[in-house]
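Remarks on the overall topology
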Amino acid sequence: LPAWQDSWLFIKDLHFDGVPMRIYLPREPSASKRRGVIFIHGGCGIFGSIRSYERICRYMARKSDSVVVSVGYHLAPEQRYPAQTLECLSATVHFLKTADTYGVDPARIILCGDSVGGTFATSVCQELGHRTDIPKIRAQVLIYPFLQGLNFNLPSHQKNAAVAFLSRERAVHFILKYLNKDCSLKEPILAGSHVPESINLKYRKWISPDLIPDEFKLGYKPPLPTLFSPQVHEEVQELFEPRVSPLLAEDAVVCGLPDTCIVTCEHDVLRDDGLLYKKRLEDNNVHVTWHHVEKGFH
């Protein structure tokens, strides 16, 4: 939708450090500075836009009486990875520094995203966690985020392999499109051939079906062992970077993260990414609020 007139909100298109933004400001005067929401839309990094999330951002601004800024990062593959994360980072820093201009309390700004928008929000929070030159992000809200590209055989991948819209196969296809990789790599990645045993052993403490609560593992069958392919591993090095797989960030980074709200859906291949990140945050004494939508899907 375009930025139509709204009786409750002032809506304006801006650029923060060259990144397109749309800002939603409540018309009603406020006695004090308002809260701010930086919203990063989903779409696997290859589709979606400010316009397609217009209704959602208006709803958030009205219902929470907050100033919402929607980030219009440029899409892949035209803008190559990691341009999307870097633009979200740049826009977030700009808003944190200029919040007063928009009547926002810099100490009450949250970062929110759905799907890959949740990935970008997670990455931005990780990169800003220990910076002291700008205000701290007050909280992050991660709505069924993609958080790791190592294991596509977790219980939620098996259970929801053929669920409409975001099947297991399509999830990997979109990731490869986002990273501008050959989609013929999809099958070996689904099988896990891109991960050497040394990396599997290193990250088993954070990414493993053993860490998923039993109630989410009904019917789960451990996958058969697969042969490691050095060629595939070399082609998809980006999957092992925290910007793509934030679950791989070190504890020194994770412990510096703000309060977090994670939303997971039962009928979603990415459900277990959220469950694993919830555990990691809690293990590092980060306060987590978790909402699980039993009948929800991606």
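Residues numbered from 1 in each chain as written. Predicted model: local features only at pLDDT ≥ 70, side-chain atom pairs only at ≥ 80, totals over all residues. Heavy atoms only, no water.

Moving on, we come to the packing of aromatic side chains. The full count for this structure, using the stated rule, is ten aromatic pairs. Between F39 and Y53 the ring centres are 5.5 Å apart and the planes differ by 40 degrees, which places this aromatic pair in the tilted class. You can see F39 sitting in strand 3 (residues 34-40) and its partner Y53 sitting in the loop between strand 3 and helix 1 (54-64), a full 14 residues away along the chain. Among the residues examined, F39 registers a relative accessible area of 2% and is labelled buried. Every member of this aromatic cluster is reached through a ring pair, and the members are Y73, Y81, F120 and Y178. Positioned above the aromatic ring of F10 is the side chain of R27, whose terminal nitrogen or guanidinium carbon lies 4.2 Å from the ring centre. Sitting over the face of the ring of W206, K205 holds its NZ or CZ atom 4.6 Å from the ring centroid. (Phe/Tyr/Trp six-rings, centres within 6.5 Å; stacked < 30°, edge-to-face > 60°. Helix = DSSP H or I, 4+ residues; strand = E, 2+ residues; numbered from the N terminus. Buried < 20%, exposed > 50% of the residue type's maximum accessible area, 1.4 Å probe, protein only. Lys NZ or Arg CZ within 6 Å of the ring centre and 35° of its normal.)

Turning next to the pattern of salt bridges. Where charged atoms from two side chains of opposite charge come close, those side chains can pair. Tallying each qualifying case throughout the model produces 21 salt bridges. Here R58 makes a salt bridge to E54, at a shortest N to O gap of 2.7 Å. Linking R58 with E54, this pair stays in helix 1, spanning four residues, or about one helical turn. Relative accessible area serves as the criterion here: at 11%, R58 is assigned to the buried category. Put simply, D272 and R271 hold a salt bridge, and the shortest N to O gap is 2.8 Å. Both residues of the pair, D272 and R271, count as buried. (Salt bridge = Lys/Arg side-chain N within 4 Å of Asp/Glu carboxyl O.)

Here we take up the UniProt feature "domain: Alpha/beta hydrolase fold-3" (unreviewed entry) in the chain. When the UniProt feature table is mapped to this numbering, "domain: Alpha/beta hydrolase fold-3" (unreviewed entry) covers residues 37-189 and 238-298. Helix makes up 39% of residues 37-189 and strand 16%, and the two end C-alpha atoms of the span are 35 Å apart. Taken end to end, residues 238-298 has its terminal C-alpha atoms 24 Å apart, with 28% of it in helix and 31% in strand. (UniProt positions renumbered as here; feature names shortened; annotations may be inferred.)

This paragraph deals with helix 1. One turn of an α-helix holds 3.6 residues; hence residues three or four places apart share an orientation. The set of residues buried in helix 1 consists of E54, C57, R58, M60 and A61. Taken end-on, helix 1 shows its buried residues confined to a sector of 160 degrees, consistent with a single buried face. Opposite its buried face, helix 1 presents the exposed residues R55 and K63, each directed more than 90 degrees away. Buried residues in helix 1 make contact with strand 1 (9-16), strand 2 (19-26), strand 3 and strand 4 (67-71). (Arc of directions from axis to C-beta. Contact = heavy atoms within 4.5 Å.)

Applying the stated criterion across every chain, the model contains one cavity of 30 Å³ or more. A volume near 200 Å³ is recorded for the largest cavity. Forming the walls of the largest cavity are 15 residues, and the residues nearest its centre are C44, V116, F146, A171 and I175. Those elements that provide at least two residues to the lining of the largest cavity are helix 3 (116-128) and helix 5 (168-178). Per element, the largest residue contribution to the lining of the largest cavity is four residues, and it comes from helix 5. Taken together, the residues of the lining of the largest cavity sort by class into eleven nonpolar, three polar and one charged. Counting only domains with at least three residues in the lining of the largest cavity, you end up with domain 1 (9-143) and domain 2 (155-240). (1 Å grid on protein atoms, 1.4 Å probe; cavity = no way out; pocket = protein on both sides within 12 Å on 5 of 7 lines; lining within 4 Å. Points joined across faces, edges and corners; volume = space filled by probe spheres on them. Nonpolar A, V, L, I, M, F, W, Y, C, P; charged D, E, K, R; others polar. Domains from an automatic or database assignment.)

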